[in-house]
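Okay, here's what each chain looks like letter by letter:
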Amino acid sequence: MITMELAKIRVLVADPSPHMVSIIRAMLRGIGVTNVHEANDSKGALAALMSRQVDAMIVEDHLTPHDGTALTRQLRSCADCPNRDIPVIMMSGQTEMTRIIHARDAGVTEFVKKPLSASVLRDRLLAAFAQPR
């Protein structure tokens, strides 16, 4: 996927902090992604994933009532979810190897450490589309 194609993708951002969602939305806008949906908890994210087509999800590890890893596992195991195979980019301030392995095993495509930059977000989005897992 080339950078210009980022304008065509639809991204769901799931983070409990409205402030962080706003920051991620601004970063995405800065790299050309304008179609952004948001959810503030795992239930809202799953409802959005079941009701609309998106091309990728950016999820905070510490969602409630289920964390980002549990949400990803639920997404990947949902046979009737239209977004079951989308790239999932997880954000977290905690990047211990066991946490990353646990997220990867649940189906997370890319893992980024907070704080992150727009260029890191762009690179991870492009990598997720270029080399799906």
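Scroll up to find the structure this text is about.
Please read all numbers here as calculations on a predicted model, not as lab measurements.

What counts and how
Residues numbered from 1 in each chain as written. Predicted model: local features only at pLDDT ≥ 70, side-chain atom pairs only at ≥ 80, totals over all residues. Heavy atoms only, no water. Helix = DSSP H or I, 4+ residues; strand = E, 2+ residues; numbered from the N terminus. Polar contact = N/O pair within 3.5 Å; in protein donor to acceptor, adjacent residues only side chain to side chain.

Draft legend 1. Unusual backbone geometry, seen in detail. The omega torsion across Thr64 and Pro65 is -10 degrees, close enough to zero to call that bond cis. Tracing the backbone through its elements, the reader meets Pro65 in the loop between β3 (56-60) and α3 (68-77). In this structure, Pro115 follows Lys114 across a cis peptide bond, with omega equal to -5 degrees. As for its position among the elements, Pro115 is in the loop between β5 (110-113) and α5 (118-130).

Draft legend 2. Spatial organisation of the environment of Asn83. Mapped onto the fold, Asn83 is located in the loop between α3 and β4 (88-92). In this structure the C-alpha to C-alpha distance between Asn83 and Ser51, which are 32 residues apart in sequence, comes to 9.4 Å. Among the polar contacts listed, one links the side chain of Asn83 to the backbone oxygen of Arg52, at a separation of 2.8 Å.

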